[in-house]
Amino acid sequence: MGVGGADWLERSERESEENPTRAIQLLGLKAGMTVADIGAGSGYYALRMAELVGPSGKIYANDIQPEMLAILKKRMRATKAVNVEPVLGTESDPKLPAGCCDVLLMVDVYHELSHPREMLGKLREAMKDGGRLILLEYRKEDPYVPIRPEHKMSVKEAKMEVEAEGFVLDKTIEELPWQHILIFRKS
Ligand SMILES: C[S@@+](CC[C@H](N)C(=O)[O-])C[C@H]1O[C@@H](n2cnc3c(N)ncnc32)[C@H](O)[C@@H]1O
């Protein structure tokens, strides 16, 4: 998604359509945690998670589009978020410190990756022991989810691709209206 999609990410109906408030509750975040929002876009999730991890925690808000990070930085100033660090990555490297993160989150991002294997390798390095890689993807199995098929993933597809790179699918949560929550750990 290009920067022209930022308005869609920030649309007011997103709450009723996707229930991101519930999604964030289900991530199991705690004060003091370090979380990387990979493909953070305009920061819709990053800024909400920043409140949960609090001043002793940190959010790395990563994206490959400087224009998305510019929108995020403007919103950080408006919300006075001090525990969010924008990180410009590349298509194959999120540019995160090794072992930095309790949680690595990708909301509607994994299916967009041009170099998924390289990215998964780097994300594994950035994950603390005991950490979690969490994907939210629109349910391909459900024809009533009103998203184009190329932007959806099935559990089977995600499990096959991610597990091949040194992860194991630990838990699948099917509580959201449109998206799977897929929680991976290091294998
Ligand atoms: C559909 S948007 C989702 C944005 C945000 N996660 C949200 O849900 O509001 C996908 C984002 O992934 C980013 N992206 C694509 N490939 C990426 C990569 N290899 N590393 C980091 N971000 C990437 C895009 O630039 C875009 O901002």
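Predicted model only: the values in this text are computed from it and were never measured.

A look at the overall build of the protein
Now for step 1: Each helix and strand counted, the protein has seven helices and eight strands in total.
Now for step 2: For a compact globule of 187 residues, the expected C-alpha radius of gyration is about 16 Å, and the protein comes in at 15 Å, within 12% of that figure.
Now for step 3: Judged by the C-alpha coordinates and their principal axes, the protein covers about 40 × 35 × 30 Å.
Now for step 4: Counting across all 187 residues of the protein, residues that qualify as buried make up 39%.
Now for step 5: Within the protein, residue pairs in contact and separated by at least 24 positions form 67% of the contacts whose partners lie at least 6 positions apart.

Overview of the environment of Phe-184
Now for step 1: Relative to the elements of secondary structure, Phe-184 occurs in strand E8 (residues 179–186).
Now for step 2: Separated by 53 residues in the primary sequence, Phe-184 and Gly-131 place their C-alpha atoms 8.7 Å from one another.
Now for step 3: Setting aside chain neighbours within four positions, we find Phe-184 in contact with Arg-132, Leu-133, Val-162, Phe-167, Val-168, Leu-169 and Asp-170.

Considering the site of the ligand
Now for step 1: In the neighbourhood of the ligand, 22 residues make up the surrounding shell, with Met-1, Gly-39, Gly-41, Tyr-44 and Val-107 lying closest.
Now for step 2: Of all elements in the fold, only helix H4 (44–53) and strand E2 (58–63) reach the threshold of two or more residues within the shell around the ligand.
Now for step 3: Of the residues contributing to the shell around the ligand, the split by class is 13 nonpolar, five polar and four charged.

Side note on the pairing of strand E5 (residues 127–139)
Now for step 1: Sheet topology places strand E4 (residues 101–107) next to E5; six bridges connect them, and they run parallel. Within E5, the position partnered with Cys-101 by the bridge is Met-127.
Now for step 2: With helix H6 (residues 116–126) bridging E4 and the parallel E5, this β-α-β connection has right-handed handedness.
Now for step 3: Here six bridges tie E5 to E8, and the two strands are oriented antiparallel to one another. Within E8, the residue paired with Glu-137 across the bridge is His-180.
Now for step 4: Here two bridges tie E5 to strand E6 (residues 152–153), and the two strands are oriented parallel to one another. Within the sheet, the bridge partner assigned to Tyr-138 lies in E6 and is Lys-152.

The rules we used
- Residues numbered from 1 in each chain as written.
- Predicted model: local features only at pLDDT ≥ 70, side-chain atom pairs only at ≥ 80, totals over all residues.
- Helix = DSSP H or I, 4+ residues; strand = E, 2+ residues; numbered from the N terminus.
- Rg over C-alpha atoms; globule rule 2.2 N^0.38 Å.
- Buried ≥ 20, exposed ≤ 12 C-beta atoms within 10 Å, placed from the backbone.
- Contact = placed C-beta atoms within 7 Å.
- Near = placed C-beta within 6 Å.
- Nonpolar A, V, L, I, M, F, W, Y, C, P; charged D, E, K, R; others polar.
- Pairing = 2+ DSSP bridges.
- Right-handed = clockwise from strand over helix to strand, strands pointing away.

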